Amino acid sequence: MLIKRGFLVQEDGLRQADLRITDGKISQIAPELTPFPEEEVVDASGKYLFPGGVDVHTHFDMPAANCNTVDDFASASYAAITGGTTTVIDIAECVQPDCLAEGLETWHKKADGNSYCDYGFHMTLACWKDGMEEQVRQMMAQGISSFKAYTACKGVMGVDDTQLYQMMECLQRMGAVLCVHCENGEVLDYLQQKYKKTDAANVAFHSLSRPNLVEKEAISRVLDFAAMTGVTVYLVHVSTNEAVQVIADAKRRGQNVFAETCPHYLLLDDSLYHLPDFEAAKYVMSPPLRKPQDQQALWEGLVNQVIDTVSTDHYSFTFHEQKALGKRGLYPDSKRHSRCGAPRRADADLWHPARTVAGGAVQKACHQSGADFWNVSAEGRSGTGQRCRHSDGGSAASAHHHRRYLGAENRLYSF
Ligand SMILES: [Zn+2]
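Residues numbered from 1 in each chain as written. Predicted model: local features only at pLDDT ≥ 70, side-chain atom pairs only at ≥ 80, totals over all residues.

Novice: Give a description of the overall build of the chain that names residues and reports values.
Specialist: When its secondary structure is counted, the chain shows ten helices and 15 strands. Relative to all contacts within the chain whose residues are 6 or more apart in sequence, the contacts with residues 24 or more apart total 76%. (Helix = DSSP H or I, 4+ residues; strand = E, 2+ residues; numbered from the N terminus. Contact = placed C-beta atoms within 7 Å.)

Dropping the structure here:
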């Protein structure tokens, strides 16, 4: 196949060129290529040709309080390639927090043979105790190079400061990356209980119970621990102006930190929590949507490379069945990380800024000879990517027309 006259989005900018695909790989890029006899030619004049997106933070088929997220590897990865995302890094969870092998095996079973795009895994570390170091070593031998900790969600998957510090020491020794969900769990648990007494189903209280400084405090603490231990940290779903400033300071000091935000924090704000008739529940996620000034800081952070990546944190629930459970109260008594009544949602294709990937788990996606090529149809749901497993090289996808993936009926995609 020959794609002619498209604007190639590359690391060093845009350039108009012809691009040839041979046996599923980009084989040639040149200002002008002549079609071979009977070669399929696509005229991409006036269109952009993007590298394949890498979504480094997803939760496919993840157990929540009393249900699973609705997207499994098949449907979510199909959505991914439809939007031009050709690689995801999903977060593998363990039923038994101290048995990482079980979690990895479970996630392989969910993904293997079911994914339309390339994938890798981070692994959640929901506890830290004797023997975990050996388990981490075993996971790394099987290709896991990044792990995730939660400073919130205590009692389920959150860890205390001692555990966090100890796992940082270990991961630093092993050269692994620690991804951290940063919110002060004790404070937000207290605030949730406080607001629950006032009006358990008031969606606006969701954001009030998770103020900006709850995030900023946790990020500051995590950065200080990381500075003391020397571990590389990757801060997931950064949402506030205050956090951006703290991260910028750490980077100025030369600390090895990477930060991520998500499309919903860049594009939506907390005024949506005042929509009537439970509509606001569509926008409940953790951390919550913030104010326009936070959006502004995040955009500036992206431009200034304080924020390194944009990922979806895809964590999907139906509105009418699953989110509706929140009408009985946003804060169920069961202490589960994923509250069905108040789940996060995130769905959009994303573009890795080409520069960095957490843990080096996935190679940079760029237009290059030998890269896999994914032919994603402009008709959105008729993507033709083949199911595959981890690939060695970067990927590229045609994305002349971004179409929203609408998924199966009743699924909630707000973007
Ligand atoms: Zn997440």
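From this point on, the discussion continues.
Novice: Describe the pairing of strand E11 (residues 232–235), naming the residues involved and giving the relevant values.
Specialist: Residues of E11 alternate between two faces, with Thr232 and Tyr234 on one and Val233 and Leu235 on the opposite face, all of them buried. When strand E10 (residues 177–181) meets E11, the two strands line up parallel, connected through four bridges. Within E11, the residue paired with Leu178 across the bridge is Val233. The pairing of E11 with strand E12 (residues 257–261) spans three bridges and is classified as parallel. For Val233, the partnering residue across the bridge sits in E12 and is Val257. Considered for its hand, the β-α-β crossover made up of E11, helix H8 (residues 241–252) and E12 is right-handed. (Buried ≥ 20, exposed ≤ 12 C-beta atoms within 10 Å, placed from the backbone. Pairing = 2+ DSSP bridges. Right-handed = clockwise from strand over helix to strand, strands pointing away.)

Novice: Give a detailed account of the environment of Val244, specifying residues and quantitative values.
Specialist: Secondary-structure assignment places Val244 in helix H8. Among the residues examined, Val244 registers 26 C-beta atoms within 10 Å and is labelled buried. Spatially, the C-alpha atom of Val244 lies 8.7 Å from that of Ala259, the residues being 15 residues apart in sequence. Aside from chain neighbours lying at most four places away, what touches Val244 is Val238, Ala297, Leu298, Gly301 and Val306.

Novice: Any chance you could break down helix H1 (residues 73–82) for me, citing the residues and the numbers?
Specialist: Of all ten residues in H1, eight are buried, a share of seventy percent or more. Of all the positions in H1, only Phe73, Ala76, Ser77, Tyr78, Ala79, Ala80, Ile81 and Thr82 are classed as buried. Taken from the residues just after H1, Gly84 is the one with a positive phi, measuring 100 degrees.

Novice: Account for the environment of Lys251, naming residues and giving values.
Specialist: By secondary structure assignment, the location of Lys251 is in helix H8. Along the backbone, Lys251 and Gln305 are 54 residues apart, and their C-alpha atoms lie at a distance of 9.6 Å. When sequence neighbours within four positions are dropped, the list of residues in contact with Lys251 reads Val257 and Val306.

Novice: Can you explain the pairing of strand E7 (residues 85–92)? Please cite residues and give values.
Specialist: The buried fraction of E7 is high, at eight of eight residues. Of the strand pairs in this sheet, strand E6 (residues 53–58) and E7 are connected by four bridges, and their pairing is parallel. Looking across to E7, one finds that Gly53 is bridged to Thr85. In terms of strand pairing, E7 meets strand E8 (residues 118–124) through six bridges, oriented parallel. Counted as the bridge partner of Ala92 is Met123 from E8. Tracing the backbone out of E7, into helix H2 (residues 100–111) and back to the parallel element E8 gives a crossover that is right-handed.

Novice: Go over the sheet that holds strand E9 (residues 146–150), please, and point to the residues and values.
Specialist: The strand order across the open sheet built from eight strands is E6-E7-E8-E9-E10-E11-E12-E13, with neighbouring strands paired in parallel fashion. With one partner strand each, in any of the chains shown, E6 and strand E13 (309–310) form the two edges of the open sheet.

Novice: I'd love a proper account of unusual backbone geometry, names of residues and values included.
Specialist: The omega angle of the peptide bond from Ser286 to Pro287 is -5 degrees, so this bond is cis rather than trans. With respect to the helices and strands, Pro287 occurs in the loop between helix H9 (263–267) and helix H10 (292–303). Residue Gln305 is not a glycine yet carries a positive backbone phi of 65 degrees. Positionally, Gln305 belongs in the loop between H10 and E13. Judged by C-beta crowding, with 13 C-beta atoms within 10 Å, Gln305 ranks as partly exposed. In the Ramachandran plot, Asp313 falls in the positive-phi region, its phi being about 50 degrees despite a non-glycine side chain. Structurally, the position occupied by Asp313 is in the loop between E13 and strand E14 (372–374). On the neighbour-count criterion, Asp313 (27 C-beta atoms within 10 Å) is buried.

Novice: Talk me through the environment of Val284; I want residue IDs and the actual numbers.
Specialist: Structurally, Val284 can be placed in the loop between H9 and H10. Given 23 C-beta atoms within 10 Å, Val284 falls into the buried group. For the pair Val284 and Ser207, spaced 77 residues apart in sequence, the C-alpha to C-alpha distance is 8.2 Å.

Novice: So what about the nonpolar core? Which residues, and what values?
Specialist: Counting 85 residues, the largest nonpolar core has Leu178, Leu235 and Ile247 as the members making the most contacts within it. Setting aside anything within four residues of it in sequence, one finds Leu235 in contact with Val180, Cys182, Ile219, Ile247, Val257, Ala259 and Glu260. Judged by nonpolar contacts, the second largest core, of nine residues, contains Ala17, Leu19, Ile21 and Phe50. (Core = buried A, V, L, I, M, F, W, Y, C linked by C-beta atoms within 7 Å.)

Novice: Quick one: what's the story with the confidence of the model for the chain, residue by residue and with numbers?
Specialist: Low pLDDT marks stretches whose predicted atomic positions should not be read closely. A residue-level look at the chain finds 77% of positions with pLDDT of 70 or above and a mean pLDDT of 80. A low-confidence stretch, residues 330–415 stays under pLDDT 50, and its non-local contacts, those more than four residues away or across chains, total 263 contacts. (pLDDT = per-residue confidence, 0-100.)

Novice: Describe the packing of helix H4 (residues 161–174) against helix H7 (residues 212–229), with residues and values.
Specialist: Between two packed helices, both the angle of their axes relative to each other and the distance between the axes serve to describe the pair. Across the interface, H4 lies against H7 with an axial gap of 9 Å and an inter-helix angle of 45 degrees. One finds that H4 runs oblique with respect to H7. Judged by the sense of rotation from one axis to the other, the crossing of H4 with H7 is right-handed. Taking contact as the criterion, the partners of Leu164, Tyr165, Met168, Glu169 and Gln172 in H4 are, on H7, Phe225, Ala226 and Thr229. (Axes fitted to C-alpha atoms, helices over the stretch in contact; angles between N-to-C directions. Parallel < 35°, antiparallel > 145°, perpendicular 65-115°, else oblique. Left-handed = near helix turned anticlockwise from the far one by under 90°.)

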